[in-house]
Every structure is written in structure tokens, then in C-alpha cells.
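Summary of structural features
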Amino acid sequence: MLAMSRNDILLFLGFTIAVLAMPIWLQPFGAAYPDLLQRFMIFGIFAVGFNILFGLTGYLSFGHAAFFGVGSYTAVWSFKLLSLDAIPAMLFAIAVSGVFALVIGYLSLRRSGIYFSILTLAFAQMSYNLAYSVLTPITNGETGLQLTLADPRHVDRMFGEAMPGQPVPTLLGQSLGGFAGFYFCAGFLIIAFFIAQRITNSPFGMMLKGIKSNQTRMNYTGFNTKPYTLAAFVISGMYAGLAGALLAVTDPLAGAERMQWTASGEVVLMTILGGAGTLVGPVIGAWLIKYFENIFSAINETILARFWDFLPDGLDHAAVVVSSKFVGEGWFLTLGLVFVLIVVFLPGGIMEGVRRIAHLFNRPDKSSPSQGKAAPQPQPAE
Amino acid sequence: MSTPNVVLHVADVHKRFGGLHALADIDLQVEEGQTHAIIGPNGAGKSTLLNVIIGKLAPTSGQVVFDGAVLTGRKPYQINQLGIARVFQTPEIFADLSVLHNVMIPALAKRDGAFKLNMLRSLDSEVSIRQEAEHMLEDVGMLSSQDMHAGSLSRGDKRRMELAMCLIQHPRLLLLDEPTAGMSRHDTNTTIELLKKIKSRGMTKVIIEHDMHVVFSLADKISVLAQGRIIADGTPDQVRGNPKVQEAYLGGTH
Ligand SMILES: Nc1ncnc2c1ncn2[C@@H]1O[C@H](COP(=O)(O)OP(=O)(O)OP(=O)(O)O)[C@@H](O)[C@H]1O
Ligand SMILES: [Mg+2]
């Protein structure tokens, strides 16, 4: 019953190895330091979960950052009230964000298409605003929720005195800073990927694809599509909560900006950029966006001035002014531009690009791609 | 044969679209195991009648009863779970999925019901469902296209696949809205043969068809619909001889 096809096992093993070896193969790219690697893992999980909803059912949520934020807050509260251990924080975060997703999903899924997207966006913005206003006792408003020496940590204190110094999240007493934090997150990404793979290849996953393809036919075929979409929504909400909790583990300061619409939009971009509906695409999308965000947002005018130095006087100044709009705070402009190019020229995302290239190389071999795509030819946008 | 058993009863159904009286005073009884054809000119209300039966449209008044259960007011998926399947006038298929998966999905609906959270099970391990789907595709002559993308099939093949999607559920009542439209003569004849074969298995069918060759090869009973009203019904011979029908329909177009 848990049998996996050879292709699936290979994909899973390949993915696992690629993730665990990231500190090695990312060195030439200057990206092999823990802080960035942790973010690769965390947003990879976010995107994999988002894809279960968007990629499989076609329901485009614009509010998933709300669940991410809920996961972060829950985890920090678990650190403050119960224990600095990361495991209970993860579990609570998944459970609480799941409940949140159940409520918001139940209401939003009464509509489909653009109305569904708008509803999710509205709920997320509501959560964001509440976090800044009436909920400040829970969220600590603009300052953000953080760990302090005075936190009760009831469970920890039952087992002895708190460690001296600034409290940090731990796993069985070991600090989760640096590479330990990366491997902790990597473990969750691998599990998250495995579950997503199972879901995609299950009868349940097939029903989700059926809903995306033709919901009318699903209804006349005897399926009650509501619980299917709701289940997908809740699962992806739990993934988002897990990702949010991991961010709280690596950086225990939860702020409301994690719930903002830009954060919701970012996971949409990651998924589409990589290839919605594919398994690895969203992860690659997340990695690329986080990688280039890291590079572009670090560039400032001094660096640009040095870069354009070879141009004649006056011209180099103009080049600096123009290009500075695309870096630093303006990184989103670059991201938007790249996104437009992808949607126009490669609507299936990077994975479609990979498929097209693979096709060029093995024309005569008609082996079907591993992602359950049945088409013998590359297909147009969905 | 014992006394005929009415399995589908459309009782005093009216359907208005604004000022248009698309169905007026429809009373239709379909007997178990029979093939009941509905014919009539374009815009007569034939598809609307199927839409009312299947729960896509609510009748303005009247009700539909299937084997003692009132269908009116139920959701389409509930109506399907009672054993009613439909082939649409414009094929409703899963264009993004493979032909095999298109046929496996309805089989899963039949086995697992309207909802099942079996997300850790592997679809590859559904061997019996897969075999069933392959047999079904063989029956409609499409086994060789099982790995094709359903969206890339010809119009006639989409229809045949949609028929397979319905037949795999072994419905008690099958509604067919112009199942041979867009098919070549050869494929039409294959479909007729297939539908005759199912008939011997005792499935009740309501079929809308413009092709009189198909109608007279299959139907036990015919109802003629014109401008939302049933203007005649009876056996094929009775209908063929009915002057009102010849005037309203047969004479005009054939
Ligand atoms: N949802 C709707 N809203 C408004 N009018 C409709 C609707 N559905 C059908 N009609 C109208 O009702 C009438 C009957 O349409 P219907 O599709 O049932 O005809 P039909 O007998 O199936 O014709 P055809 O042979 O062309 O398929 C037509 O005039 C049509 O325009
Ligand atoms: Mg019609």
C-alpha cells in the first residue's frame, strides 16, 4: 500500500541528497551559510505546501502568509509559556494554523476563482491589521513578539533552572543556531516533500487534479468537491504554519509583517516561477527567489557605482540611478519583472523549461515525465 | 416479463428562463431497462430536461423521482451517487489528465463514495481500478490512447471516452445528450453497438439524438419534444406514423 514507483523513490532520494548536501554545493555560489540555508528550507516548505492547494486544485490563495504568521506567533508563545524545545512549538504551530486554515478555508471556499482569491486576501489583511491593533497583547504589535529572560516557560522550569543568558530555542537541550538549525529545518523540508509526494500520487491527489481540470465533471461524477478543496486548503495552511514556526525557531522574533500581503504574494511567485503543480518546481522557485533576494537587496549605491565605473562620466551616474531602483529596497521591482517574463514566455515555470530542454535532448525516447504529466508533448499554460 | 417498472418519473415539470417557457408540463415515465429517446428540433428543451433531471437546473415547478427517491433539490453529486450518470452535449472531461485517469476517477467515485481522505495511499496500488478502466477503454476501442492527454483527443474520441467514464460506474440510469454528434459513420456504428450491448445488461437509458438512424436502432420508446412540450410519445413505429411529429420535426429536417 505504501509502495512507491521507482521514479518516485529516485526523485525523493535525489531531493534528499541535494538538500542535505546544500552546504557543499552552494559554496561556489556564496550561499552556504546557515542563515540563508535555513531560509531556503523554510520557504521551500511554504511553497511545497502552497502548491498542494494551488498546484493541485487550482485554487489561488492570496492569504497564506496569515497561516505562516500564525505559525510563528504560536511557536514563540510555546517558547515563552512552555518550553524552549522546538518540537512542541512545531506541533502547536501546525495544529493552530490548521484550525485557522479550517475556518478561513471554510468561508473562502464558498466562492471560487477570483472571488476566492479576494476572500483569502481579505482575511489575511484582516489578520495582519488585527495583529497590529487589538491583538497587541498577543502579538506585541509593531515591536514583535520575542523571548525574554522573564518568560514563565513552565515546563522548562519544572525540570530545573533556566539556562543563563538570552533564551534561544533548542532541540533536546542543544541550541539550534547555525548549521544545527539548518539540518533541523532540512529534516522538516524532506518530510514535507515526502508527504507532498504521497499526496500528489494518491487517489486523493488525483481528485484534486480532477477538480482543477473540471470541477463540473467531478460533481457529475459523484464527488463532493467541497471537502476535497477544504482538506487541501487546511493541509497547505498547516505547511505554512510549520514554515512560520521554523522561522521562529531560527529567529525567535515574530512580527506582523510576516502576514502582510507581500508575503502572501511571494509564495505565489515562488510556486509559479518554479512550476505550479510540479513537486520540485515550487522548492526551486523558493530557493531562487530567496537567493536573489539575498544578493539584490544587499546591493547599494556604492556597489553600483563601482560596478558602472567603466562607463564615461555622467553616463555612469545615470546607470547607477536607474539600476539602483532595482536593487536594495527595489528588489521587488526586479522580481516583478522576472515574474512577468516567466509568465509570458514560460507559463509552466522553470520546470517547463527543464522539460522542454530534456525533450530537445531525448526526442526519440518518449518516456513520460515523472510528474504525472500524461502529455506526450509539452502542454500550453493551464 | 412482469409489469413494467417505472424507474424515472418526470412529473409535471415546468422550467422558465425569464419569459421563455423552456419546459412546459413535462410528464415522462421511463421504464426499467428500456432505452427512451427524446427527439425534437433545436432549442426544443431537450438538454434543459436532462439538466433538470441531473440537478444542474432546478425546475420552476414539478419534480423528478428516481426509483422512489425525489431528485429535485439534491446536489449533482448526490444524484450521481444514486446511480445516474450523464454524457454531455459538449463533452465534460478532464482535459489536463490522461485518458486512463479520466476513466479511473469515476471508478473511484463509484467505489469510495463522494469523499474519501485516502491521501497516503498510492494510486499505483489501485490495481483493480486500473484494470477495470483498461477493460472499459478496450470496450469503447480506446485502449491504445490510454496514455494520451484527454484534451488532445478528437471530438468523437472525447465523446467515447466520456461514455466510458459513465459506463465504468455501471449506472442504473444513463443520460446521453447526443452521444454520437461529431463522430464518423464508423464510430457512430461502434457506439450504437456498444449501447446495444449495455442494453442487454439491463441499464436504463435516456438518449437525446438528432441522428434518426441512431434513434431507430436503439429506442424502445420515443418522446418528441417541440417548444418545451411533449407533442407525441410511443414506440418508434407509433411515433414514425404520427402526422403531428412529421409536421413538427421529421418532415421538416429529414
Ligand atoms: N441556462 C439557460 N438560461 C437561459 N436560457 C436557456 C438556458 N438553457 C437553455 N436555454 C434556452 O432554452 C431553450 C431550450 O434549450 P435546450 O438547450 O434545452 O435545447 P435543445 O433541445 O437541447 O436544443 P439542441 O438540439 O440545439 O441541443 C433554448 O431556447 C435555450 O436558448
Ligand atoms: Mg441540447
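Preceding block: the structure.
The structure contained in this document is the topic of the report that follows. (Residues numbered from 1 in each chain as written. Chains lettered and ligands numbered in written order. Predicted model: local features only at pLDDT ≥ 70, side-chain atom pairs only at ≥ 80, totals over all residues. Heavy atoms only, no water.)

With that settled, consider the pairing of strand β7 (residues 173-177) of chain B. Residues and elements named next belong to chain B. Counting buried residues along β7, 5 of its 5 residues qualify, which places the element largely inside the surrounding structure. Side chains Leu 173, Leu 175 and Asp 177 project from β7 onto one buried face, and the interleaved Leu 174 and Leu 176 project onto a second face that is buried too. Alignment of strand β6 (residues 84-87) against β7, held across 4 bridges, turns out to be parallel. Counted as the bridge partner of Ile 84 is Leu 173 from β7. As defined by bridge partners, β7 adjoins strand β8 (residues 204-208) across 5 bridges and the pair is classed as parallel. Looking at the pairing, Leu 175 lines up with Val 206 of β8. Considered for its hand, the β-α-β crossover made up of β7, helix α6 (residues 185-200) and β8 is right-handed. (Buried < 20%, exposed > 50% of the residue type's maximum accessible area, 1.4 Å probe, protein only. Helix = DSSP H or I, 4+ residues; strand = E, 2+ residues; numbered from the N terminus. Pairing = 2+ DSSP bridges. Right-handed = clockwise from strand over helix to strand, strands pointing away.)

Residues and elements named next belong to chain B. With respect to topology, 4 strands assemble into an open sheet ordered β2-β1-β4-β5, the strand pairing being antiparallel. Where the open sheet ends on each side, the last strands, each with one partner, are β2 (20-31) and β5 (69-70). Across 8 bridges, the pairing between strand β1 (residues 6-17) and β2 is antiparallel. Bridging across to β2, Leu 8 finds its partner in Val 30.

Let's shift gears to the coordination of the magnesium ion (ligand 2). Residues and elements named next belong to chain B. Coordination of the magnesium ion (ligand 2) by the protein involves Ser 47 (OG) and Gln 89 (OE1), with metal-donor separations of 1.9 to 2.2 Å. Here Gln 89 lies in the loop between β6 and α3 (99-112) and Ser 47 lies in helix α1 (residues 46-54), a separation of 42 residues in the sequence. For Ser 47, a relative accessible area of 21% translates into the label partly exposed. With relative accessibility at 33%, the residue Gln 89 sits in the partly exposed group. (Donors = N, O, S within 2.8 Å, 3.2 Å for Na, K, Ca; no water.)

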